[in-house]
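Descriptive structure summary
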Amino acid sequence: MNNTNNSRKVNVSQLNSVTVRFAGDSGDGIQLVGSQFANATAIAGNELSTQPDFPAEIRAPAGSLGGVSGFQISFGDESVLTPGNKPGVLLAMNPAALAVNLKNLDKGSIIITNSDAFTPAALEKAGYASNPLEDGSLANYRVIGVPVNTLTEGALKDSGLTGTQVLKCKNFYLLGLLYWMYGLPLETTRAWIKTKFKKAPELAAANIKVLLAGFDYAETTEIFDARFQLKKSPVIPGKYRNLTGNEAVAYALITAAKLLKKKLFCGSYPITPASEILQTLSKHRATDVVVFQAEDEIAAICSSIGAAFAGELAATGTSGPGLSLKTEALGLAVIAELPLVVINVQRGGPSTGLPTKTEQSDLLQAVYGRHGECPLVVLAATSPSDCFNTTLEAARIAVKYMTPVIVLSNSYLSSGSEPFRIPKLSELPKFHLPPLPEPADYKPFMRDPDTLARPWTWPGLAGYEYRAGGLEKADITGGVSYDPENHERMTKLRAEKVARVVREIPPTKIYGQAEGDLLVVGWGSTYGAIKTAVSEARKAGLNVSSIHIRHIFPMPPDLGSIMRRFRKVLVPEENSGQLRLLLRSAHMLEPLGLNKVQGQPINSDEVLAKIQEILRGN
Amino acid sequence: MEETKLTAKNFSSGLPVKWCPGCGDFAILAMIQKTLAGMGLPLEKYAVISGIGCSSRFPYYVSTYGFHTLHGRALPVASGVKLSNPELAVWVVTGDGDGLSIGGNHMLHTIRRNIGLKIVLFNNRIYAMTKGQASPTTLQGSRTKTTPLGAIDYPFNPARFAVGLDCTFVARGIDNDIAGTSAILERAAKHNGTAFVEVLHKCVPFTDKEFDTLKDPATKEDLLLRVEHGKPLVFGKNRDKGIVFRNFRPEIISFKAGTVPENVAVYDETNSEMAYLVSGFTQPEFPVPLGVLKAVRKPSYEELYYDQVKAVGDTKGHELEALLAGPDAWEIK
């Protein structure tokens, strides 16, 4: 643990939560420092939520405004549901990072900078005519300028490392300093450094030395007159790890295959922001995790359809443009009635759009975007760790109903992280396959009377040989059929099968009262922002409740009756009103919208302001 | 289960075959059914996968597991099947439009990987199912519904396309040559890795005259070059013509039958460069090569994949909780 013998009097304040933003050049290691900090807060027992933010370019010119990369974390007690709106603390590694982020800071916020980085050249690149650390323009903030380069060089002067090697350690100086400010344990980062530089012990020693030097600097200098103690979150005992949404998807797919005692087959093609699913699965390549990097999005889904035909749990991950390319093949999976999990990590569209930015704009494509009458199941994950539960649920439904299921995630969920409690085997859902009759009684398109699912058979199973395909199938026998009545019957059967998935949907949980002035209806990644806003509004005495929809298609059966118990309904979405359109057509209601299409998540302040605006108008 | 030897008949689904009378596909179906029977696997271990087009109706006529997929997409579907279960014999039936136009990208990547699929590409030089549009193998000048003034596209030569991609097994047959084409299919069945077999056949309604000269007993032996590993490249009704290479350029020489000059090239199916030159032979300059053009041994994709996995160690028995925890979990009590 930290050395806590206070050599001087330092004021320690108690906080419920705080938001810290790390910002610097995209090559600065900002994401690394941020995730180390996140792990330390988790081990300290805080609830946390993180969000990285990087430019689309891998390395924009150093010091330029366009090259600023960010990592935001909010941590503290159980009220933390999002990475926070405005940071209370900005850690700016250079003038550009300060320039880009200053507009998001409230007056009185803390700015910690590397004052050595504020050189005339760097200031010019960031568009500063004079040094903001000296010209008084930051008078409304609490600015802590630390000459990090000088101090790092001082700490490592006898290390024998080159000048470049020394300066690469400087991020850990500021990290050490922050650990002191928030009383966080150094152990996880120390252990991480040792593993990372296993083959270069001199670099490991140098980085650890710099980390400790930063911590000691904060302890001894009087620049830091305050430490903060964050309230902890009452957590369920168990094993935890930090997972991003994309990692959670990958682990859910592996888990689902293990529960089914099948191989997991994932055919995918690299695409931002979904590639980490493919990469995470690739790390777990094994006899029972088959990862196939296909030549394109179409081959990716088709190989997965092949794997489903071959009797394995099949999945594919993608983002909007890729989902468009996979569309025809989704139709094949629907008519062949094969189970398939498709993860669509939404980003700003259309076309290449905003590849690294977040949006919720593929909802209608997921529900309706195919030719012919082509229903399938659509689910939406609500938080990085919920990507695990939602993906697991998708796999369970896919094999139980022999249908493709699309899981909607997005850029915000995919790269955001939060602690994930590792479930015990006994807590995981049970998987059921459609019943398989004896070969003599088997017909490829006979159906389980309960779910309407057809039996799943695959090459290798003797006595069940059949021909699957994209041509319309005759009911029960599965032969090719051009019969008009049969086509209508099969169309209805496919629709009815998907409609029966409503039986899997638990009663909708209402946050707040079951009736009142305003109901906020959300779906997907806006969960944290909506819950935070509604919680604050309720504390302020406003009559508002919220629900969050995971099952997009089919929709929860109780949705209409819940919405009708409120005088008004508000649907915040990161699109121009796609869920609102579905709700309106299904329930003949006129919900209000809060729509943001900026490639940025809706934050709780925006939801709260809208709630206040609506209820003030009452 | 009791071992019974399957015959070609066991591989018939019994469904009425709906190709046009006189279509070459009938002969190819019979040859493939016989080849499958010869492989000696139980029925359930075969999967026949196709795209869209006349030839792609194939799986419906075979009694094994089958999948009639999307236009151009048979290969990725089949790759998923093979990689999921490498024990299966996975055959892909495609055509010149399905396999080389809409599915061209998949063809070249499938061949690049050397995944163990047996690909039979039916080449009739036309889009037949959509009723007569030019395909990527339609010859220049051919009049079709989309090329009323004659096709201007340069056509693909499928066998050479595959050789050019370093496919490990490439062969060409023709629908009426039952003995020759059956022998090719038999070798393809035994090949480890991707086998690419082009089968020439006409389309009765749209390319009725195509390949006629290659089938006419009066002309065919002068127009066909039957390549055989280790044998000189000799052809002609009287077997009095041969291929020589001068400065890598092929030339036809004539000689007295029975006295093959020493400079006539001896075919070597393991020589990619020779396969490239010979597979490029087209009418009217050169005879059309038939037979196994290339056969080399290279590890297949599925072998490499599962060898790599074996090296990592079998994780089947791994505890799920340990896997989920990873190296950096923490415990809260």
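Here the structure is a predicted model, which is why all the values come from computation and not from measurement. (Residues numbered from 1 in each chain as written. Chains lettered and ligands numbered in written order. Predicted model: local features only at pLDDT ≥ 70, side-chain atom pairs only at ≥ 80, totals over all residues.)

Here's the deal with the overall build of chain B
Within chain B one finds eleven helices and twelve strands. Against the 2.2 N^0.38 benchmark of 20 Å for 333 residues, chain B shows a C-alpha radius of gyration of 22 Å, consistent with a compact globule. Dimensions of chain B, computed from C-alpha atoms along their principal axes, come out at roughly 90 × 45 × 45 Å. Per-residue burial over chain B gives 46% buried out of 333 residues. Residue pairs in contact within chain B that sit at least 24 positions apart in sequence constitute 64% of those at least 6 positions apart. (Helix = DSSP H or I, 4+ residues; strand = E, 2+ residues; numbered from the N terminus. Rg over C-alpha atoms; globule rule 2.2 N^0.38 Å. Buried ≥ 20, exposed ≤ 12 C-beta atoms within 10 Å, placed from the backbone. Contact = placed C-beta atoms within 7 Å.)

Digging into the overall build of chain A
Within chain A, the secondary structure is distributed over 20 helices and 22 strands. Taking the principal axes of its C-alpha atoms as reference, chain A extends roughly 85 × 65 × 45 Å. Counting the 618 residues in chain A, one finds 53% classified as buried. Sequence-distant contacts, at least 24 apart, represent 75% of the contacts inside chain A between residues at least 6 apart.

A closer look at the confidence of the model for chain A
Mean pLDDT over chain A: 94, with 98% of residues reaching 70 or higher. In this model residues 1–6 of chain A is a low-confidence stretch, pLDDT under 50, and it forms four contacts with partners more than four residues away in sequence or in other chains. (pLDDT = per-residue confidence, 0-100.)

Quick word on the interface of chain B and chain A
Taken residue by residue, the interface counts 47 residues in chain B and 54 residues in chain A. Considering every element that reaches the side of chain B that touches chain A, the biggest residue donor is helix α2 (residues 74–84) of chain B, with eight residues. Classifying every residue of the side of chain B that touches chain A gives 24 nonpolar, 14 polar and nine charged. In this structure, strand β17 (residues 467–469) of chain A lies alongside strand β2 (residues 65–68) of chain B, joined through three bridges in parallel fashion. Looking at the pairing, Gly469 of chain A lines up with His68 of chain B of β2 of chain B. (Nonpolar A, V, L, I, M, F, W, Y, C, P; charged D, E, K, R; others polar. Pairing = 2+ DSSP bridges.)

So, the packing of helix α9 (residues 245–260) of chain A against helix α10 (residues 275–283) of chain A
Residue and element names in this part refer to chain A. Two elements in contact, α9 and α10, have axes whose closest approach is 8 Å; the angle formed by their N-to-C orientations is 50°. Taken as axis vectors, α9 and α10 run oblique relative to one another. The interaxial crossing formed by α9 with α10 has right-handed handedness. Taking contact as the criterion, the partners of Asn246, Glu247, Val249, Ala250 and Leu253 in α9 are, on α10, Glu276, Ile277, Thr280 and Leu281. Partitioning the contact of α9 with α10 into residue classes produces five nonpolar, two polar and two charged. (Axes fitted to C-alpha atoms, helices over the stretch in contact; angles between N-to-C directions. Parallel < 35°, antiparallel > 145°, perpendicular 65-115°, else oblique. Left-handed = near helix turned anticlockwise from the far one by under 90°.)

Some words on the pairing of strand β3 (residues 47–53) of chain A
Two faces belong to every sheet, and in a regular strand the side chains alternate between them. By the criterion of burial, β3 of chain A is predominantly enclosed, with seven of the seven residues buried. Alternating residues of β3 of chain A divide into Glu47, Ser49, Gln51 and Asp53 of chain A and Leu48, Thr50 and Pro52 of chain A, and every residue in both groups is buried.

Thoughts on the sheet that holds strand β22 (residues 592–595) of chain A
All names here are of chain A. Within the open sheet, the four strands sit side by side as β19-β18-β21-β22. Their pairing is parallel. Strand pairing shows two members of the sheet lacking a second neighbour, β19 (544–549) and β22, which therefore form its edges. Pairwise comparison of adjacent strand axes, ignoring direction, gives a mean angle of 25° for this sheet. Where strand β21 (residues 566–573) meets β22, four bridges bridge the pair, whose relative direction is parallel. Following the sheet pairing, Glu573 is matched in β22 by Asn595.

Digging into the pairing of strand β9 (residues 238–244) of chain A
Among the seven residues of β9 of chain A, five are classified as buried, and the element is accordingly described as predominantly covered. The sheet contact formed by β9 of chain A and strand β12 (residues 330–332) of chain B spans three bridges and is antiparallel. From the neighbouring strand, Tyr240 of chain A faces β12 of chain B, where its bridge partner is Trp330 of chain B. As paired elements, β9 of chain A and strand β16 (residues 417–421) of chain A share five bridges and run antiparallel to each other. For Thr244 of chain A, the partnering residue across the bridge sits in β16 of chain A and is Ser417 of chain A.

Looking at the domain arrangement of chain A
Along its sequence, chain A is organised into domain 1 (11–230), domain 2 (241–427), domain 3 (439–504) and domain 4 (516–616). Here the side of domain 2 of chain A that touches domain 4 of chain A takes four residues from strand β14 (residues 377–380) of chain A, the largest share from any one element. (Domains from an automatic or database assignment.)

Brief notes about the sheet that holds strand β9 (residues 241–246) of chain B
Residues and elements named next belong to chain B. Spatial strand order, β8-β9-β10: three strands in an open sheet with antiparallel pairing. Only two strands of the sheet have a single partner each, and these edge strands are β8 (234–235) and β10 (249–254). Across six bridges, β9 lies against β10 in antiparallel orientation. If you follow Lys241 over to β10, its bridge partner there is Ser254.

Details of the nonpolar core
Ranked by internal contacts, the top residues of the largest apolar core, which has 256 residues, are Leu253, Ile305, Val341, Ile552 and Ile611 of chain A together with Val197 of chain B. Ignoring anything within four residues of it in the chain, the contact list for Ile552 of chain A reads Leu363, Val367, Val378, Leu379, Ala380, Leu408 and Trp523 of chain A. By size, the runner-up hydrophobic cluster in this structure holds five residues, among which are Ile126, Tyr127, Ala128 and Cys203 of chain B. (Core = buried A, V, L, I, M, F, W, Y, C linked by C-beta atoms within 7 Å.)

Concerning unusual backbone geometry
Geometrically, the link from Thr272 of chain A to Pro273 of chain A is a cis peptide bond, its omega value of 0° lying close to zero. Structurally, Pro273 of chain A can be placed in the loop between β10 (264–268) and α10. Of note, the amide linkage connecting Gly349 of chain A to Pro350 of chain A takes the cis form, showing an omega dihedral of 0°. Along the chain, Pro350 of chain A turns up in the loop between β13 (340–346) and α13 (363–368). Unlike most non-glycine residues, Leu452 of chain A shows phi in positive territory, near 70°. Note that Leu452 of chain A resides in the loop between β16 and β17. Overall, the presence of 20 C-beta atoms within 10 Å leaves Leu452 of chain A in the buried class. Phi at Asn114 of chain B takes a positive value of approximately 60°, unusual for a residue other than glycine.

Section: helix α20 (residues 604–616) of chain A
Within an α-helix, residues lying three or four positions from one another point in the same direction, as the helix has 3.6 residues per turn. All names here are of chain A. Over its 13 residues, α20 extends 18 Å from the first C-alpha to the last, a length consistent with the 18 Å expected when each residue adds 1.5 Å. Within the sequence span of α20, burial applies to Ser604, Val607, Leu608, Lys610, Ile611 and Ile614. Projection of α20 onto a plane perpendicular to its axis shows the buried side chains occupying an angular sector of 160°, all on one side. Away from its buried face, by an angle of more than 90 degrees, α20 presents the exposed residues Glu613 and Arg616. (Expected span 1.5 Å × (residues − 1). Arc of directions from axis to C-beta.)

What about the environment of Leu408 of chain A?
All names here are of chain A. Within the secondary structure layout, Leu408 lies in strand β15 (residues 404–410). Linking Leu408 and Leu461, residues 53 residues apart in sequence, is a C-alpha distance of 34 Å. Not counting residues within four places of it along the chain, the set of residues in contact with Leu408 comprises Asn344, Gln346, Asp362, Leu363, Ala366, Val378, Ala380, Gly524 and Ile552.

Details of the packing of helix α6 (residues 170–181) of chain A against helix α8 (residues 201–220) of chain A
Residue and element names in this part refer to chain A. Between α6 and α8, the shortest axis-to-axis distance is 7 Å and the interhelical angle comes to 40°. Considered as vectors, α6 and α8 are oriented oblique to each other. Crossing handedness for the pair α6 and α8: right-handed. Contacts between α6 and α8 involve Lys170, Phe172, Tyr173, Leu174, Leu175, Gly176, Leu177, Tyr179, Trp180 and Met181 on the former and, on the latter, Asn207, Val210, Leu211, Leu212, Ala213, Gly214, Phe215, Tyr217, Ala218 and Glu219.

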